[in-house]
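# Fold and geometry: a report
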Amino acid sequence: QVMLVESGGGLVQAGGSLRLSCAASGDIRTINLMGWYRQTPGNQREMVAQISSRGSIQYADSVKDRFTISRDNAAMVVDLEMNSLTAEDTGVYYCAANTWAMRNYWGQGTQVTVSS
C-alpha cells in the first residue's frame, strides 16, 4: 500500500507561479512512476507530468516549457514547479504513483486556481 500526501496549490494571478509537492509513504520500494494529473472544469483527468524512478520525464504538451517536475528518490517526494500560469491551468491537481506491478495510487487532490 502506498499513501500520497500533497501540499501546495492555492490561488495565484495569471502569469504567476506555484509549487506542488507530494510525499509518498508506505511500500515506496514498489513505486516506479510518480507524477501529477489534473482535472480541469468540464474535462477528464489528464496527465500533466510524470517521472520514472530512473529520471525519465514526460510532460503534457500544454505545460511544456512552463512546468518542471522533479523527484527525490531518497525522500520519495515529487515536486511540480508551475510557471507562467494561465486560467486554463485551473483545476484539481492529483499526485499519482504507479508501481512496478502496474498498480495506481492517488493523492486526495489539491486545488489550483489561476485568476485572470
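The structure reproduced in this document is the subject of the present report. Everything numeric here is computed off the predicted structure, so don't read it as measured data. (Residues numbered from 1 in each chain as written. Predicted model: local features only at pLDDT ≥ 70, side-chain atom pairs only at ≥ 80, totals over all residues. Heavy atoms only, no water.)

## Observations regarding the overall build of the chain
Counted only if it meets this: Strands are runs of DSSP state E lasting at least two residues, helices are runs of H or I lasting at least four, and both sets are numbered from the N terminus onward. Radius of gyration: C-alpha atoms only; globule rule: 2.2 Å multiplied by the number of residues to the exponent 0.38. Three labels apply to residues, based on accessible area from a 1.4 Å probe with only protein chains included: buried if under 20% of the type maximum, exposed if over 50%, partly exposed otherwise in between. Residues are treated as being in contact if the distance between any of their heavy atoms lies within 4.5 Å. Using the Shrake-Rupley algorithm and a 1.4 Å probe, accessible areas are obtained, with residue cover drawn only from the displayed protein chains. Only four residue types enter the tally: Lys and Arg on the positive side, Asp and Glu on the negative side, with His and both chain ends excluded. Lysine's charge is taken at NZ, arginine's at CZ, aspartate's at CG and glutamate's at CD.
If you tally the helices and strands in the chain, you get zero helices and 11 strands. Secondary structure elements of the chain, listed N to C terminal, follow the sequence β-β-β-β-β-β-β-β-β-β-β. In terms of overall dimensions, the chain is globule-like: its C-alpha atoms have a radius of gyration of 13 Å, near the 13 Å expected for 116 residues. Scored against the burial criterion, the 116 residues of the chain give a buried share of 42%. For the chain, the share of sequence-separated contacts (at least 6 apart) that also reach a separation of at least 24 residues comes to 53%. Accessible surface, the chain: about 6100 Å² in total, of which carbon and sulfur atoms supply 48%. Across the chain, 9 positive and 10 negative side-chain charges occur, with their mean positions spaced 8 Å apart.

## Observations concerning the state of the cysteines
Applied cut-off: Only a pair of cysteine sulfur atoms within 2.5 Å counts as a disulfide in this structure description.
Enumeration over the complete set of coordinates arrives at one disulfide. Note that C22 is cross-linked by a disulfide to C95, the S-S spacing being 2.0 Å. Its S-S torsion of approximately -80° makes the covalent link between C22 and C95 left-handed. With C22 in strand β3 (residues 18-26) and C95 in strand β9 (residues 91-99), this pair connects stretches of sequence that are 73 residues apart. In this pair, the class of C22 matches that of C95, namely buried.

## So, the pattern of salt bridges
Stated formally: Only one rule defines a salt bridge in this text: a Lys or Arg side-chain nitrogen within 4 Å of an Asp or Glu carboxyl oxygen.
Taken as a whole, this structure holds seven salt bridges when the rule is applied. Between R19 and E81 there is a salt bridge, with its nearest N and O atoms 2.6 Å apart. Here the residue R19 occupies a position in strand β3, and E81 occupies one in strand β8 (residues 77-82), the gap between them amounting to 62 residues. Residue class for R19 comes out partly exposed when judged on its relative accessible area of 44%. E81 sits in the partly exposed class, given a relative accessible area of 22%.

## Points about the pairing of strand β11 (residues 110-115)
Side-chain positions along a regular strand alternate between the two faces of the sheet. Applied cut-off: Strand pairing follows a simple DSSP-based rule, namely that at least 2 bridges must link the two strands.
In β11, alternate side chains face the same way, and those of T110, V112 and V114 are buried while those of Q111, T113 and S115 on the opposite face are not. By the bridge criterion, four bridges tie strand β2 (residues 10-13) to β11 in an arrangement that is parallel. Residue pairing across strands places L11 opposite T113, the latter belonging to β11. Sheet topology note: the β9/β11 ladder contains three bridges and is antiparallel. By the bridge assignment, V92 is partnered in β11 with Q111.

## Some remarks on the environment of G35
Relative to the helices and strands, G35 resides in strand β4 (residues 31-39). Of the residues examined, G35 reaches a relative accessible area of 2% and is grouped as buried. On a C-alpha basis, the gap between G35 and A49 in space is 5.5 Å, while along the polypeptide they are 14 residues apart. Non-local contacts of G35, meaning those with residues more than four positions away in its chain, are made with A49, Q50, I69, Y94, C95 and A96.

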